[in-house]
Amino acid sequence: MAQRTTIGGYLIHRLEELGVKHVFGVPGDYVLGFYDQLVASPLEVVGTCTEIGAGFAGDAYARVNGLGAVCITYCVGGFNALNAVAGAYAEKSPLVLISGAPGLSERERSPFLHHKVRDFNTQRLIYERVTAAAVALENADDAPELIDAALDACLRQKRPTYIEIPRDMATASCVAPKPWKRGRARSDPQTLREAVAEAAEMLRRAKRPVILGGVEIHRFGLQNLLVRLVEHTGMPIASTLLGKSMMEEDHPQYLGVYEGGMGRDDVRRVVERADCLMILGAFLTDIDLGIFTAKLDPAKTIDASAERIAIKRHVFEDIQLKDFMDTLIGALPKRKAARVRTKSPRATPFKTNPRAPMTVRRLFERVDAMLGDEHIVICDIGDSLFGAADLTIRRHTEFLSPAYYTSMGFAVPAALGAHINKRRLRPIVFVGDGAFQMTGQELSTIVRQGLDPIVIVLNNKGYSTERFIDDGPYNDILNWQYHRVPELLGAGWGTEARTEAEFDTALAQANDNRDSFSIVNVHLDPYDSSRAMERLGQRLGTKVRSSRRRHRSKPATDRRR
Ligand SMILES: Cc1ncc(C[n+]2csc(CCOP(=O)(O)OP(=O)(O)O)c2C)c(N)n1
Ligand SMILES: [Mg+2]
């Protein structure tokens, strides 16, 4: 007789086999049975304060690990996690969301079971729109197959997947898992040959070819292959913001982040003057295009992604990005590294100007001078993200941000997820005061896990990114004493900084503190902005600062400094 297990046991076995060690979440009665199975398994349950916190933590875990998992209860928990899962979909992160649900037998007794919204399928149907696969395990015979199909879709597409377990099915008996067999997607050899020949021809003729790399380099684990390609062809390479840290940023051929008019001008010039631009694994978002200030000519472009390869206007399908890159190396002659003139922000050593008030620009310059191999940078949105574009990341995949979906609240829980997975990497978290107020309570989970990230709160007393677009009282928020969060939690170390000297000391002390998390409340002018925002303002021809100061006379709430 074939060996048997339970549906819950089957799923746990697969997660473990595929490299998951931690599951983030908040329990509820519809999922408690499965939680008991998790606790009895080698997987560790990491209880978070909220489901969205679990979602962002699981997403970051997936980005650094290759797969992440979150487990929540039906609807009240599921819908709390929805925004994080939507972000994982948009930015291609392989996250498994497991949800409990009312038992099948109790559904027969009453249609009015707590947490239900419209009908028993509502949550799954909504998740269908933001996942690669959404399955409900309502039958023990096909549950193993559905689990395997959902996990396969997640891993192949690098998009989240949704698995719903009615509470009376978690312990239902099913066949035991056979060893995982992942069908590797193959390229069609003829199409691959044609695409590579056409791309190689275009690159061979080009005098100033440039590579622009994106997020799929991380997701498909192509970082080393990319470096081989870059070094073989001698081509300079820029990164999109979402793709940042796909290769060592002190590599001589690495230019910096390209984001149209928002990015460094020297990088923009090299990319836009290329006579052949090879885009690898990037979907060019409005942010990558510097809010459409970018000037890229499709007639000079090779655009290769996991979904398709477009060379000028020819489109090729059924080609794996890895195969394309690999084969291209063989088709191109080895060349010396092209000489391009760009100026790394690190070229000028940082010197503290002790009494000067802190600014966003100096904040990032100071942290850049401190960044080492042991750090991973995790950014929330707003100036925390725009300002971080010019940081120099030393290794692969050591920069995480929601640079496309741009949901506030990503960074603190993402630090939890990334740090649990890679203990040797210490997160440096950049988070706006507004974003911190959304998910900063996950510091509580960080304390419970004994982690020691450094959290830098860019306290500009509100939603400064929005002040730039349209200012009004709705952009003001309460000025919390972020540095006193450790008093509330009974753990952690905090301080505040107003001047460069204070920030200098705070950062050094935070870096020395290996006992707990550190939080630095950096007071900034509400109308101060990163270089990226200033550059964007200049390129769009708007007088950013003066127009933003228009509304300054009547603050609606407290802007104490
Ligand atoms: C979850 C979510 N809600 C609302 C927004 C819209 N939004 C974009 S930027 C921003 C302000 C962010 O404020 P803060 O975190 O303090 O960063 P700052 O802009 O001040 O640098 C808001 C509300 C968003 N991106 N995400
Ligand atoms: Mg702010």
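What counts as what
- Residues numbered from 1 in each chain as written.
- Chains lettered and ligands numbered in written order.
- Predicted model: local features only at pLDDT ≥ 70, side-chain atom pairs only at ≥ 80, totals over all residues.
- Heavy atoms only, no water.
- pLDDT = per-residue confidence, 0-100.
- Contact = heavy atoms within 4.5 Å.
- Buried < 20%, exposed > 50% of the residue type's maximum accessible area, 1.4 Å probe, protein only.
- Helix = DSSP H or I, 4+ residues; strand = E, 2+ residues; numbered from the N terminus.
- Expected span 1.5 Å × (residues − 1).
- Near = heavy atom within 4 Å.
- Polar contact = N/O pair within 3.5 Å; in protein donor to acceptor, adjacent residues only side chain to side chain.
- Areas by Shrake-Rupley, 256 points an atom, 1.4 Å probe, with all protein chains shown as cover.
- Nonpolar A, V, L, I, M, F, W, Y, C, P; charged D, E, K, R; others polar.
- Phe/Tyr/Trp six-rings, centres within 6.5 Å; stacked < 30°, edge-to-face > 60°.
- Lys NZ or Arg CZ within 6 Å of the ring centre and 35° of its normal.
- Patch = residues over 30% accessible without salt bridge, like charges linked within 9 Å, V, L, I, M, F, W, Y side chains within 5 Å.
- Salt bridge = Lys/Arg side-chain N within 4 Å of Asp/Glu carboxyl O.
- Lys, Arg positive; Asp, Glu negative; His and termini not counted.
- Charge placed at Lys NZ, Arg CZ, Asp CG, Glu CD.
- Donors = N, O, S within 2.8 Å, 3.2 Å for Na, K, Ca; no water.
- Pairing = 2+ DSSP bridges.

**Q** Quick question: what am I supposed to make of the confidence of the model for the chain here?
**A** Detail in the predicted coordinates should be disregarded across regions flagged by low pLDDT. Overall, the predicted model of the chain reaches an average pLDDT of 93, with 95% of residues at or above 70. In this model residues 543-561 is a low-confidence stretch, pLDDT under 50, and it forms 41 contacts with partners more than four residues away in sequence or in other chains.

**Q** Where do I start with helix α1 (residues 7-17) in this structure?
**A** Note that an α-helix has 3.6 residues per turn; residues three or four places apart therefore point the same way. Looking at α1, one finds that the buried residues are I7, G8, Y10, L11, I12, R14 and L15. One or two positions beyond α1, positive phi appears at G19, with a value near 95°.

**Q** Quick question: what am I supposed to make of helix α7 (residues 143-157) here?
**A** Relative to the 21 Å expected for 15 residues at 1.5 Å per residue, α7 spans 21 Å between its end C-alpha atoms, a close match to the ideal helical length. Residues of α7 that are buried: A143, P144, I147, D148, A150, L151, D152, A153, C154 and L155. Close packing links the buried residues of α7 with α1, β5 (95-101), β6 (133-136), β7 (161-166) and β8 (173-175). Directly beyond the C-terminal end of α7, a positive phi value near 55° is found at K158.

**Q** Looking at this model, I keep getting lost on the site of ligand 1. Mind explaining?
**A** Surveying the vicinity of ligand 1 reveals 17 residues, the closest of which are D433, G434, A435, N460 and T465. Contacts to ligand 1 include M408, whose backbone N or O atom sits 3.1 Å from a nitrogen atom. In the environment of ligand 1, an oxygen atom lies 2.5 Å from a nitrogen or oxygen atom belonging to the side chain of T465. Protein contact buries 79% of the 590 Å² of open area that ligand 1 shows by itself. For the shell around ligand 1, the element with the most residues is helix α16 (residues 433-439), which contributes four residues. Of the residues that constitute the shell around ligand 1, the class distribution is five nonpolar, nine polar and three charged.

**Q** Just to check I follow, could you spell out the packing of aromatic side chains for this structure?
**A** Working definition: an aromatic ring pair is given by the centre-to-centre distance plus the angle between the planes. Inspection of the entire model under this criterion finds nine aromatic pairs. An angle of 90° between the planes, with centres 5.9 Å apart, marks the rings of Y30 and Y74 as edge-to-face. Residue Y30 is located in the loop between β2 (22-26) and α2 (32-39), and its partner Y74 is located in the loop between β4 (68-72) and α4 (78-90); the two are separated by 44 residues in the primary sequence. Like Y30, the residue Y74 is buried in the burial classification. Between F364 and F430 the ring centres are 4.6 Å apart and the planes differ by 40°, which places this aromatic pair in the tilted class. Taken together, the residues span a long stretch of sequence, with F364 in helix α13 (residues 360-370) and F430 in strand β18 (residues 426-432) at a distance of 66 residues. Neither residue differs from the other here; F364 and F430 are each classed as buried. If you follow R159 out to its NZ or CZ, it ends over the ring of Y89, 4.3 Å from the centre. A cation over a ring is seen here: R467 above Y527, with NZ or CZ 5.6 Å from the ring centre.

**Q** Help me understand a negative patch on the surface, please; the structure alone is not making it clear to me.
**A** The grouping of D188, E194, E317 and D318 at the surface amounts to a negative patch. Following the sequence through the fold, D318 ends up in the loop between β15 (314-316) and α12 (321-331). In this structure D318 comes out as exposed when scored by relative accessible area, which is 55%.

**Q** It is not clear to me how the coordination of the magnesium ion (ligand 2) should be interpreted in this structure. Could you clarify?
**A** Geometry sets the ideal angles at a metal, namely 109.5 degrees for four tetrahedral donors and 90 or 180 degrees for six octahedral donors. Coordination sphere of the magnesium ion (ligand 2), protein contribution only: D433 (OD), N460 (OD1) and G462 (O), at 2.0 to 2.1 Å. Within one chain, the residues donating to the magnesium ion (ligand 2) are spaced in sequence as D-x26-N-x1-G. Pair noted here: D433 is in helix α16 and G462 is in the loop between β19 (454-459) and α18 (464-469), with a separation of 29 residues, a long-range link. Residue class for D433 comes out buried when judged on its relative accessible area of 1%. When its relative accessible area of 4% is taken as the criterion, G462 is described as buried.

**Q** Got a minute to help me understand unusual backbone geometry in this structure?
**A** What is expected of a backbone is that most residues other than glycine have negative phi and most peptide bonds are trans. For K312, which is not glycine, the phi torsion reads 50° and is therefore positive. Within the secondary structure, K312 is located in the loop between β14 (309-311) and β15. Even without being glycine, K461 reaches a positive phi, approximately 60°. Of note, K461 is situated in the loop between β19 and α18.

**Q** Could you clarify how one ought to interpret the sheet that holds strand β20 (residues 493-497) in this entry?
**A** Within a sheet, neighbouring strands are paired by backbone hydrogen bonds and run either parallel or antiparallel to one another. On the basis of which strands lie adjacent, the open sheet formed by six strands has the order β17-β16-β18-β19-β21-β20 and parallel pairing. The strands lining the two open edges of the sheet, one partner per strand, are β17 (399-400) and β20. Bridging between β18 and β19 involves five bridges; their strand directions are parallel. By the bridge assignment, G432 is partnered in β19 with L458.

**Q** I would appreciate a short explanation of the environment of V412 in the present structure.
**A** Along the polypeptide, V412 turns up in helix α15 (residues 411-421). Residues V412 and P453 lie 41 residues apart in sequence; the distance between their C-alpha atoms is 9.2 Å.

**Q** What is the right way to read the environment of K312 from this model?
**A** Given a relative accessible area of 45%, K312 falls into the partly exposed group. When neighbours within four sequence positions are excluded, K312 is seen to be in contact with M202, P298, A299 and T301.

**Q** It is not clear to me how the pattern of salt bridges should be interpreted in this structure. Could you clarify?
**A** For side chains bearing opposite charge, pairing can occur when the charged atoms are close. Inspection of every chain in the model, using the stated rule, returns 36 salt bridges. Between E17 and R14 there is a salt bridge; the shortest N-O distance is 2.7 Å. In this pair, E17 and R14 are both assigned in helix α1, three residues apart and thus about one turn of the helix distant. On the accessibility criterion, R14 (2% relative accessible area) is buried. The closest approach of N and O atoms between E128 and R124, which form a salt bridge, is 3.0 Å. With E128 and R124 both in helix α6 (residues 122-128) and four residues apart, this pair spans about one turn of that helix. Of the residues examined, E128 reaches a relative accessible area of 40% and is grouped as partly exposed. We classify R124 as buried; its relative accessible area is 17%.

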